[in-house]
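Each chain is listed here by its residues.
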Amino acid sequence: MEKFTVHTGKAAPLRASNVDTDQIIPAEYLKRITRHGFEDALFAAWRKDPEFILNQPQTQGVTILVAGPDFGTGSSREHAVWALMDYGFKVIISSRYADIFRGNSGKQGLLTAVVDQEVVEALWQIIEEAPETQVKVDLEARTVNAGELTASFEVDDYVRWRLIEGLDDIGLTMRHVETINSFEAARPTFKPVTR
Amino acid sequence: MARTLAEKVWSDHVVRHAEGEPDLLFIDLHLVHEVTSAQAFDGLRETQRIVRRPDLTLATEDHNVPTIDIDKPIADPISRAQVDALRNNCAEFGVPIYSLGNAEQGIVHVVGPQLGLTQPGMTVVCGDSHTSTHGAFGALAFGIGTSEVEHVLATQTLPLKPFKTMAITVNGALPEGVTAKDLILAVITKIGTGGGQGYVLEYRGEAIRALSMEARMTICNMSIEAGARAGMIAPDETTFDYLNGRDHAPKGADWDAAVAYWRTLPSDADAKFDAEVVIDASELSPFVTWGTNPGQGAPLSDVVPTPEDFADPAAREAATKALAYMGLTAGTPLKSIAVDTVFLGSCTNGRIEDLRAAADIVRGRKVADGVRFMVVPGSVRVRLEAMAEGLDKVFLEAGAEWREAGCSMCLAMNPDKLIPGERSASTSNRNFEGRQGPGGRTHLVSPQVAAATAIRGTLSAPADLITNAS
Ligand code: SF4
């Protein structure tokens, strides 16, 4: 996993709440069996609308998405995170996320920054007025900066540490394989097996 | 210290606890299906890792399998590739699998419980959000993403932060004709699609205790629609009776030891929940959704709501958008809304009791002209059990379609889809835009309402038929 300390880039405003993972990536794309190449699937239904924000010239090359509350609700499909990342997003900023989506993001290295809804509104205003604004997300300092605005964001401590160090989760767990062995040895015999 | 059910199950599975880090939790059962696993197996191959406990892992094919002509190769090449990938991965990594054509194939959340694999006090995960279904047994069961699937395959553990707990106490008794589905839809409308966020919900109270295991599964299944990580119901005699004798349930001395342990699991009387919601079951009536998220619901006897009546601006905007998508006008009686398709199935309501309840309503009646009524059992076992009882004939004689087991029109990954603008009454769990096919419009309902709707052609409660039948 790539290390993440500071990211600077253009941001797109997504003025919608409750953006569920069916909207982020419709089910028809879940049939693929590869881990990459989902950029065309991102918001596939909405992107058919020429008015959709990501179809505008000013949002080309964005790497930060500023979304309304309850982003990523619904199905647990991790493809939603892959699609966002394949499209080029490095950071999502919102006031609230669905838990599973947030967990998935942390594992893949997509930062989900939590800010107050007022900060979301302020960011929307800034990037709508000046789409070229370079938004700076500093994971070490936990701040987001755009034009005159500087605000702090929340991020889970552990996820932050892993992102900064670029650490893979399974490798971390494998360090404790002895502990897993002894836990397993003490499990009750009545627990079922699948074969 | 007094503890809740969820806290007990959690602490019995902590492999490693360290300050400032997530707990490492042991996973008792890992269910796998074709959609969210291919990339996880790929990851194992890339890193040359193995499946640590294939004997605690079980795969089945459900999300995009066809529900007719299952003896022929899967027509859609992408679906076929995904199913083939699962079969190959299971063979390579030694994971047991129930494939299309096997008597145990079916929707992953129907298969686990009916085999007796889902038991109280277990941790159960699957790369699917409706894993919450298994919480009906007093298991801590939740959906995970594909990299977590890979993590569990490789280590049989997951690093997790403890959840908060919320009690949903349902007092009183459900009135005649009101089901678990109506109850959970009402709960979601009450607390909202974000209301359960960060919580494990524990459903308790008189009305919950009175429910069958299958009805409890319907409730826990939709916990995720309230934003919760999981839903749980404390195990009791109903749970033990359901499990006793099932293929993978403990036997002999193991059974006694298991039951003794299971009896220790219910929340202590003085356990503290982080939040509590209280509901009076006796006030509930058949419930349907009118919008595009499961929290946009109302009693069937109501009218389509007026967006201006919502105090919260976000809810108002969401309602306006939903009505436009759904093609509905505020003030229209819900019962006058005509549907094109009725879908009976899914991991919410595709079990034998659901089919029985619906069959009781359609028996001797005919599906309304122009309405397509699809009946899709949740598993092959459910299908065979229904056929042994003659339910297939009841549905067929009424003019319904009797199909093979799978997820089907719950998420329309197989050919079972709505066409744009079509409207369905569906016993599934999600009414998101396009969920049942691009442009499709979904009203979530109970099996009883689904059946009555199929007969009348408009959203209907079974009671509406009885008045009309004379
Ligand atoms: S029936 Fe629907 S909700 Fe259940 S597992 Fe299948 S697709 Fe998911």
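Residues numbered from 1 in each chain as written. Chains lettered and ligands numbered in written order. Predicted model: local features only at pLDDT ≥ 70, side-chain atom pairs only at ≥ 80, totals over all residues. Heavy atoms only, no water.

> What should I look at first to understand the overall build of chain B in this one?
Each helix and strand counted, chain B has 17 helices and 19 strands in total. Its C-alpha atoms give chain B a radius of gyration of 21 Å, near enough to 23 Å, the size a compact globule of 470 residues would have. For chain B, the spread of C-alpha atoms along the three principal axes comes to 60 × 55 × 45 Å. Looking at the 470 residues of chain B, the share that counts as buried comes to 66%. Distance between charge centres in chain B, computed from 41 positive and 59 negative side chains, equals 1 Å. (Helix = DSSP H or I, 4+ residues; strand = E, 2+ residues; numbered from the N terminus. Rg over C-alpha atoms; globule rule 2.2 N^0.38 Å. Buried < 20%, exposed > 50% of the residue type's maximum accessible area, 1.4 Å probe, protein only. Lys, Arg positive; Asp, Glu negative; His and termini not counted. Charge placed at Lys NZ, Arg CZ, Asp CG, Glu CD.)

> What am I meant to see in the side chain of Asp128 of chain B here?
Tracing the backbone through its elements, the reader meets Asp128 of chain B in the loop between strand 6 (123-126) and strand 7 (140-143). Arg430 of chain B is the oppositely charged side chain nearest to the buried, salt-bridge-free Asp128 of chain B, at an N-O distance of 6.6 Å. Excluding its chain neighbours within four sequence positions, the residues that come into contact with Asp128 of chain B are Ser76 of chain A together with His33, His63, His109, Gly143 and Ile144 of chain B. (Salt bridge = Lys/Arg side-chain N within 4 Å of Asp/Glu carboxyl O. Contact = heavy atoms within 4.5 Å.)

> Can you help me understand the interface of chain A and chain B in this one?
By a frequent convention, interface size equals the accessible area lost on bringing the separate parts together. Contact with chain A, which involves 52 residues of that partner, is made by 74 residues of chain B. Each partner contributes to the roughly 5,300 Å² buried at the junction of chain A and chain B, and carbon and sulfur atoms together form 56% of this total. When the buried surface of chain A facing chain B is broken down by residue, Lys31, Phe190 and Thr194 of chain A rank first, second and third, together holding 16% of it. Here chain A is connected to chain B by seven salt bridges. In this structure, Arg187 of chain A and Asp28 of chain B form a salt bridge, with 2.7 Å as the shortest nitrogen-oxygen distance. Elements with a minimum of two residues in the side of chain A that touches chain B: helix 1 (21-24), helix 3 (79-87), helix 4 (99-108), helix 7 (169-174) and helix 8 (177-185) of chain A. Among the elements that line the side of chain A that touches chain B, the one with the most residues is helix 8 of chain A, at six residues. (Buried area = accessible area lost by both parts, 1.4 Å probe.)

> Quick question: what am I supposed to make of the side chain of Thr155 of chain B here?
Its location among the elements puts Thr155 of chain B in helix 5 (residues 146-155). A distance of 2.7 Å separates a polar atom in the side chain of Thr155 of chain B from the backbone oxygen of His151 of chain B. Here Thr157 of chain B takes part through its side chain, which lies 2.8 Å from a polar atom of the side chain of Thr155 of chain B. Setting aside anything within four residues of it in sequence, one finds Thr155 of chain B in contact with Ile170, Thr173, Met174 and Ile180 of chain A together with Arg52 of chain B. (Polar contact = N/O pair within 3.5 Å; in protein donor to acceptor, adjacent residues only side chain to side chain.)

> How should the packing of helix 2 (residues 38-46) of chain B against helix 3 (residues 77-93) of chain B be read in this particular structure?
In a packed pair of helices, the relevant descriptors are the angle between the two axes and the axis-to-axis distance. Residues and elements named next belong to chain B. Packing of helix 2 against helix 3 brings their axes to within 10 Å, and their N-to-C directions diverge by 40 degrees. One finds that helix 2 runs oblique with respect to helix 3. Crossing of helix 2 over helix 3 shows left-handed handedness. Packed against helix 2, whose contacting residues are Ala38, Phe41, Leu44 and Arg45, the element helix 3 presents Leu86, Asn89, Glu92 and Phe93 at the interface. Looking at the contact of helix 2 with helix 3 residue by residue, the classes come out as five nonpolar, one polar and two charged. (Axes fitted to C-alpha atoms, helices over the stretch in contact; angles between N-to-C directions. Parallel < 35°, antiparallel > 145°, perpendicular 65-115°, else oblique. Left-handed = near helix turned anticlockwise from the far one by under 90°. Nonpolar A, V, L, I, M, F, W, Y, C, P; charged D, E, K, R; others polar.)

> What exactly am I supposed to notice about the environment of Gln105 of chain B here?
Residue and element names in this part refer to chain B. Along the chain, the position of Gln105 falls in the loop between strand 5 (97-98) and helix 4 (108-114). Of the residues examined, Gln105 reaches a relative accessible area of 2% and is grouped as buried. Considering only alpha carbons, one finds Gln105 and Pro333, 228 residues apart in sequence, at a separation of 41 Å. In this structure, Gln105 is in contact with Thr60, Glu61, Val65, Tyr98, Ser99, Leu100, Val111, Ser379, Val380 and Ala405, ignoring residues within four places of it in sequence.

> Looking at this model, I keep getting lost on the site of the ligand. Mind explaining?
Around the ligand, the surrounding shell consists of His63, Ile107, His109, Asp128, His130, Ser346, Cys347, Cys407, Cys410, Leu411, Asn429 and Arg435 of chain B. For the shell around the ligand, the residue count by class is five nonpolar, five polar and two charged. (Near = heavy atom within 4 Å.)

> How should helix 15 (residues 391-398) of chain B be read in this particular structure?
For an α-helix, 3.6 residues make a turn, and residues three or four places apart therefore share a direction. Residues and elements named next belong to chain B. Buried within helix 15 are the following residues: Leu391, Asp392, Val394, Phe395 and Ala398. Buried positions in helix 15, seen along its axis, are confined to an arc of 160 degrees and lie on one side of it. Exposed side of helix 15, more than 90 degrees from the buried face: Lys393 and Glu397 are the residues found there. The inward-facing, buried residues of helix 15 contact strand 15 (341-344), helix 13 (352-362), strand 16 (372-375), helix 14 (380-388) and strand 17 (401-402). Looking at the residues trailing helix 15, positive phi occurs at Gly399, about 100 degrees. (Arc of directions from axis to C-beta.)

> What is the right way to read helix 2 of chain B from this model?
Where helix 2 of chain B is concerned, the buried positions are Ala38, Gln39, Ala40, Phe41, Gly43 and Leu44 of chain B. In this structure, the buried residues of helix 2 of chain B make contact with helix 3 of chain A together with strand 3 (29-32), helix 3 and helix 5 of chain B. One or two residues past the end of helix 2 of chain B sits Gln48 of chain B, with phi positive at roughly 55 degrees.

> When you look at the packing of helix 6 (residues 180-191) of chain B against helix 8 (residues 213-221) of chain B in this model, what are you seeing that I'm missing?
Residues and elements named next belong to chain B. Across the interface, helix 6 lies against helix 8 with an axial gap of 9 Å and an inter-helix angle of 20 degrees. Classified by the interaxial angle, the pair formed by helix 6 and helix 8 is roughly parallel. Two packed elements cross with a definite hand, and for helix 6 against helix 8 that hand is right-handed. Between helix 6, through Ala180, Lys181, Leu183 and Ile184, and helix 8, the contact on the second element is made entirely by Ala215, Thr218 and Ile219. In terms of residue class, the contact of helix 6 with helix 8 is made up of five nonpolar, one polar and one charged.

> I'm lost on the sheet that holds strand 11 (residues 230-232) of chain B in this one. Help?
Strands pair in a sheet through their backbones, by hydrogen bonds, and they do so in one of two ways: parallel or antiparallel. Residue and element names in this part refer to chain B. Sheet architecture is open: four strands sit in the order 11-10-9-12, paired in parallel fashion. Taken across any chain shown, the strands that pair with only one partner, and hence form the sheet edges, are strand 11 and strand 12 (275-280). Across the sheet, the axes of successive neighbouring strands diverge by a mean angle of 20 degrees, strand direction being ignored. As paired elements, strand 9 (residues 164-171) and strand 10 (residues 199-204) share six bridges and run parallel to each other. Each bridged residue has a counterpart across the sheet, and for Thr169 the counterpart in strand 10 is Arg204. (Pairing = 2+ DSSP bridges.)

> Quick question: what am I supposed to make of the confidence of the model for chain B here?
As a note on interpretation, predicted positions should not be read in detail where pLDDT is low. In this model, chain B carries a mean pLDDT of 96, and residues with pLDDT of at least 70 account for 99%. Complex prediction metrics read pTM 0.87 and ipTM 0.92. (pLDDT = per-residue confidence, 0-100.)

> So what exactly am I meant to see when it comes to the sheet that holds strand 7 (residues 143-146) of chain A here?
All names here are of chain A. On the basis of which strands lie adjacent, the open sheet formed by four strands has the order 1-6-7-8 and antiparallel pairing. The sheet terminates laterally at strand 1 (6-9) and strand 8 (149-152), the two strands that pair on one side only. Ignoring which end each strand starts from, the neighbouring axes of this sheet average 10 degrees apart. As paired strands, strand 7 and strand 8 are joined by four bridges and run antiparallel to one another. Note on strand 8: the bridge partner recorded for Asn145 is Thr150. Along the sheet face, helix 5 (residues 117-129) touches strand 6 (135-138), strand 7 and strand 8 and points at about 150 degrees away from the line of strand 8.

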